[in-house]
Amino acid sequence: MENQAMEECRAVYLTAEDLRIAASILYNAYHDDPFFLETLFTGDQAQYEQKLRGAIREELNELWQQEQALIGMFVGERLVGVACIVTQQVPLGEARYWHWRLKMLLSTGWQSTQAIINKENQIIDNLPSNQCGILQFIAIANNEQGKGYGGRLVNAVLSWCDEQPHLDGVGVFANHPAHITLFTHHGFEKIEQLSIGKVSGELLFYRGLVNE
């Protein structure tokens, strides 16, 4: 049965109708993420969850509006995983658009918005060039984990990267040992140890085939 499900899974671009479910998958996956806990949690669990929902919603909507790569992993008609990639053709970090800043400010507060900007600045400053993508989010639905979909979704990201003639590769900040192992197993290289706020992790980079 599991092999049959793996055969049926496919990676395609998300549509507008998929964004609500995608946001839910990302919210559950990043609920206990150390960066978001440090950035958004101030002692009130309900407030933290509201801020996290808002941050993911606003970022997902912004990526959609900027026509960035939002890749969904489907099994049949069921969305089981999401990967969101942003390229440096879109203003990031200190260059973020004012409307994104305003929406994020209203959703998460000034300090949290600034922390997200600072994280992007650090990642950008340590990437090999200004022609790189950043894997902003990647997640498999909680009830679909352990079935091999994570590796398939990473491969979909790599395939997308390999098809971009003007992209030098894709970077991702990972702070969980299992995630670092997954990415390195699929061809990402460790290029920098980063401390973003109080969260330490690895900046990993996949060099696209066109640049090998």
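Computed from a predicted model, the values in this text were never measured in an experiment.

About the thresholds
Residues numbered from 1 in each chain as written. Predicted model: local features only at pLDDT ≥ 70, side-chain atom pairs only at ≥ 80, totals over all residues. Heavy atoms only, no water. Patch = residues over 30% accessible without salt bridge, like charges linked within 9 Å, V, L, I, M, F, W, Y side chains within 5 Å. Areas by Shrake-Rupley, 256 points an atom, 1.4 Å probe, with all protein chains shown as cover. Salt bridge = Lys/Arg side-chain N within 4 Å of Asp/Glu carboxyl O. Helix = DSSP H or I, 4+ residues; strand = E, 2+ residues; numbered from the N terminus. Buried < 20%, exposed > 50% of the residue type's maximum accessible area, 1.4 Å probe, protein only. Core = buried A, V, L, I, M, F, W, Y, C linked by side-chain atoms within 4.5 Å. Contact = heavy atoms within 4.5 Å. Axes fitted to C-alpha atoms, helices over the stretch in contact; angles between N-to-C directions. Parallel < 35°, antiparallel > 145°, perpendicular 65-115°, else oblique. Left-handed = near helix turned anticlockwise from the far one by under 90°. Phe/Tyr/Trp six-rings, centres within 6.5 Å; stacked < 30°, edge-to-face > 60°. Lys, Arg positive; Asp, Glu negative; His and termini not counted.

## Details of a nonpolar patch on the surface
Point 1. A cluster of nonpolar side chains, contributed by Trp-98, Leu-102, Leu-105, Leu-106 and Trp-110, occupies part of the molecular surface with about 640 Å² of accessible area.
Point 2. Considering every element that reaches the nonpolar patch, the biggest residue donor is helix α5 (residues 98–108), with four residues.
Point 3. By the secondary structure assignment, Trp-110 is in helix α6 (residues 110–126).
Point 4. Residue classification places Trp-110 among the exposed positions, given a relative accessible area of 58%.

## A few points about the nonpolar core
Point 1. Leu-26, Leu-135 and Phe-183 are the most contacted members of the largest nonpolar core, which totals 70 residues.
Point 2. Ranked by the residues each element gives to this core, the list is headed by helix α7 (residues 149–162), at eight residues.
Point 3. Not counting residues within four places of it along the chain, the set of residues in contact with Phe-183 comprises Leu-135, Ile-138, Val-154, Val-172, Ala-174, Phe-188 and Leu-204.

## Concerning the side chain of Ser-112
Point 1. The residue Ser-112 is located in helix α6 in this model.
Point 2. For Ser-112, a relative accessible area of 4% puts it in the buried group.
Point 3. Sequence-distant contacts of Ser-112, defined by excluding residues within four places in its chain, comprise Thr-39 and Leu-40.

## Some details on the packing of helix α4 (residues 45–65) against α5
Point 1. Two elements in contact, α4 and α5, have axes whose closest approach is 8 Å; the angle formed by their N-to-C orientations is 165°. The orientation of α4 with respect to α5, classified from their angle, is roughly antiparallel. Both α4 and α5 take part in a crossing whose hand is right-handed. Contacts between α4 and α5 pair Lys-51, Gly-54, Ala-55, Arg-57, Glu-58, Glu-59, Glu-62 and Gln-65 from the former with His-99, Trp-100, Lys-103, Met-104, Ser-107 and Thr-108 from the latter.

## Comments concerning the environment of Leu-79
Point 1. Position of Leu-79 relative to the elements: it lies in strand β3 (residues 78–87).
Point 2. Residue Leu-79 is classed as buried on the basis of its relative accessible area, which comes to 9%.
Point 3. Along the chain, Leu-79 and Ala-22 lie 57 residues apart, while their C-alpha atoms are 7.6 Å from each other.
Point 4. With near-sequence residues (within four places) excluded, Leu-79 lies in contact with Leu-14, Asp-18, Ile-21, Ala-22, Ile-25, Gly-72, Met-73 and Phe-74.

## Quick word on the packing of aromatic side chains
Point 1. By the definition in use, this model includes six aromatic pairs.
Point 2. Considering the side-chain rings of Phe-41 and Tyr-48, the 5.8 Å spacing of their centres and the 80° angle between planes classify their relative orientation as edge-to-face.
Point 3. Residue class for Tyr-48 comes out buried when judged on its relative accessible area of 1%.
Point 4. Here Phe-183 and Phe-188 contribute two aromatic rings whose centre-to-centre distance is 5.1 Å and whose plane-to-plane angle is 65°, an arrangement assigned as edge-to-face.

## Remarks on the side chain of Glu-62
Point 1. With respect to the secondary-structure elements, Glu-62 resides in helix α4.
Point 2. Despite its burial, Glu-62 remains without a salt bridge, the nearest opposite charge being carried by Arg-96 at 4.9 Å.
Point 3. Those residues within four positions of Glu-62 in sequence are excluded, and the remaining contacts are Arg-96, Tyr-97, His-99 and Trp-100.

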